[in-house]
Amino acid sequence: MPVSTMPETGLTFLGLVGMSDPPRPEAREAIATCVRAGIRTVMITGDHPLTAEAVARELGLFADGEVLTGAMLETMSDAQLCDVVRGGERLRALSPAHKLRVVAAWQARGHVVAMTVTASTMRAALKRADIGVAMGIAGTDVSREVAAMTLTDDNFASIVAAVEEGRGVYQNIRKYLMYLLSSNIGEIGLMAGAAVLGMPLAARAVQILYVNLATDGLPALALAVDPREPT
């Protein structure tokens, strides 16, 4: 019978255990929706560049670009950083101290920047962004105080859904405003033309009120709740 010669106090190697914190299943589709909607998604993280690259590839954020680290950022001027962000396809693995410069560089290119954060150390970048988004579950009270929006479920897909809903509301506002302006301009032109030409008024006050109620109010309300366009 074979006998182990390993001392009783020795360690026996049994194997390795790895931990994985994968992205949410809906995150990849949400990012793809952002691409179709003309929204550029950039990943800024303090993780190791290899870890950040692996996660970005899984989300479809990283193709053949370059990981921009904090050490590389330190050697760049603000003008050089603006040129780097113009490409928009590079992944940035940075410390919180550099994120403010990245946000400022995007804004310098004329972009509207929305930034999501969890840690209070990114308060300056969150406040500098045009739209600061804080996490309602994993975020801190400090980040929620300076943020313009708080995600109650800490889900990136909720931001995409909010943008979609907001664009639908904006489209409906344009629809009913254009309708009201066109109809009211016609009424004003009719009344003004009659007054200038010395003709009797085309409509009495009660008739004008009825026209506004029947042809302005109800159709405008219908346009305001019009379903979103598929595109």
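Structure: above.
Residues numbered from 1 in each chain as written. Predicted model: local features only at pLDDT ≥ 70, side-chain atom pairs only at ≥ 80, totals over all residues. Heavy atoms only, no water.

Looking at the sheet that holds strand 5 (residues 131–135)
Heads up, the condition is: Strands were regarded as paired on the criterion that DSSP finds at least two bridges between them. Secondary structure elements follow DSSP: runs of H or I no shorter than four residues count as helices, runs of E no shorter than two count as strands, and numbering proceeds from the N terminus. Note on geometry: axes are lines fitted to C-alpha atoms, helical ones only across the stretch in contact, with angles between N-to-C directions running from 0 to 180 degrees.
In space, the three strands of this open sheet follow the order 4-5-6, with parallel pairing throughout. Of all the strands in the sheet, the pair left with one neighbour each is strand 4 (114–117) and strand 6 (149–151). This sheet shows a mean twist of 25 degrees between the axes of neighbouring strands, independent of strand direction. With four bridges joining them, strand 4 and strand 5 adopt parallel strand pairing. Within strand 5, the position partnered with Val117 by the bridge is Ala134.

A short note on helix 8 (residues 156–196)
How we decide: Here, expected helix span is obtained from the residue count minus one, scaled by 1.5 Å. Each residue is assigned to one of three classes by its accessible area relative to the maximum for its type, calculated with a 1.4 Å probe on protein chains only: buried under 20%, partly exposed between the two thresholds, exposed over 50%. Contact between two residues is taken to exist if any of their heavy atoms lie within 4.5 Å; hydrogens are not considered. N or O atoms closer than or at 3.5 Å make up a polar contact, with two conditions inside protein: a donor-capable atom paired with an acceptor-capable one, and, for residues adjacent in sequence, both atoms drawn from side chains.
A rise of 1.5 Å per residue sets the reference length of helix 8, with its 41 residues, at 60 Å; its end C-alpha atoms lie 59 Å apart and thus fit the reference within 8%. Three or more residues of helix 8 are buried, namely Ile159, Val160, Gly168, Asn172, Glu187 and Ala194. Residues of helix 8 that are buried sit in contact with helix 1 (25–36), strand 4, strand 5, strand 6 and helix 9 (205–224). For helix 8, the N-terminal cap is Asn155; the gap from its side-chain oxygen to the backbone nitrogen of Ala157 is 3.0 Å.

Details of the side chain of Asn155
Relative to the helices and strands, Asn155 resides in the loop between strand 6 and helix 8. A polar contact is formed between the side chain of Asn155 and the backbone nitrogen of Ala157, at a distance of 3.0 Å. Residues within four places of Asn155 in sequence aside, it is in contact with Arg24 and Glu26.

Remarks on the nonpolar core
As a rule of thumb, soluble globular proteins bury nonpolar side chains together. As a reminder, the rule being used: Working definition of a nonpolar core: buried Ala, Val, Leu, Ile, Met, Phe, Trp, Tyr and Cys residues. They are joined through side-chain atoms within 4.5 Å.
If you look at the biggest cluster of nonpolar residues, it comprises 22 residues, and the most contacted ones within it are Leu81, Val103 and Met115. Taken together, the elements giving at least two residues each to this core come down to helix 4 (78–87), helix 5 (96–108), strand 4 and helix 6 (123–128).

Brief notes about the pattern of salt bridges
Under the convention used in this document: Salt bridge criterion: a side-chain nitrogen from Lys or Arg within 4 Å of a carboxyl oxygen from Asp or Glu.
The tally for this structure, following the rule as stated, stands at eight salt bridges. Between Glu165 and Arg228 there is a salt bridge; the shortest N-O distance is 2.6 Å. Residue Glu165 is found in helix 8, and its partner Arg228 is found in the segment after helix 9; the two are separated by 63 residues along the sequence. We classify Glu165 as partly exposed; its relative accessible area is 42%.

Details of the environment of Glu66
Along the chain, the position of Glu66 falls in the loop between helix 2 (49–59) and strand 2 (67–69). Given the relative accessible area of 36%, Glu66 is considered partly exposed. Considering only alpha carbons, one finds Glu66 and Glu53, 13 residues apart in sequence, at a separation of 9.2 Å.

Remarks on the packing of helix 1 against helix 8
Rules: In this scheme the handedness of a crossing depends on how the near helix is turned from the far one: anticlockwise by less than a right angle means left-handed, clockwise means right-handed.
Taken N-terminus to C-terminus, the directions of helix 1 and helix 8 make an angle of 35 degrees; their axes are 8 Å apart at the nearest point. Between helix 1 and helix 8 the crossing geometry is left-handed. Taken together, the residues of helix 8 that come into contact with helix 1 (itself represented by Glu26, Ala30, Ile31, Thr33 and Cys34) are Phe156, Ala157 and Val160.

Quick word on a nonpolar patch on the surface
In plain terms, the rule: Exposure above 30% relative accessible area and no salt bridge define the residues that can form patches, which grow by joining like charges within 9 Å and nonpolar side chains of Val, Leu, Ile, Met, Phe, Trp and Tyr within 5 Å. Using a 1.4 Å probe, accessible areas were evaluated by the Shrake-Rupley method; residue-level cover was limited to the displayed protein chains.
Residues Val169, Ile173, Leu177, Leu181 and Ile185 make up a contiguous nonpolar surface patch of about 430 Å² in total accessible area. With respect to the helices and strands, the residue Ile173 is situated in helix 8. Judged by its relative accessible area of 33%, Ile173 is partly exposed.

Description of the pairing of strand 4
So the rule is basically this: If the strands point away from the viewer and the path from the first strand over the helix to the second runs clockwise, then the crossover is right-handed.
Going residue by residue along strand 4, you find Met115 and Val117 tucked away on one face and Ala114 and Thr116 left uncovered on the opposite face. Remark: the strand 4/helix 6/strand 5 crossover connection has right-handed handedness.

Details of helix 5
With 13 residues, helix 5 should reach 18 Å at 1.5 Å per residue; the first-to-last C-alpha distance of 19 Å fits that figure. Among the residues of helix 5, those classed as buried are His98, Lys99, Val102, Val103, Ala105, Trp106 and Gln107. A positive backbone phi angle near 90 degrees is found at Gly110, which sits one or two residues after helix 5.

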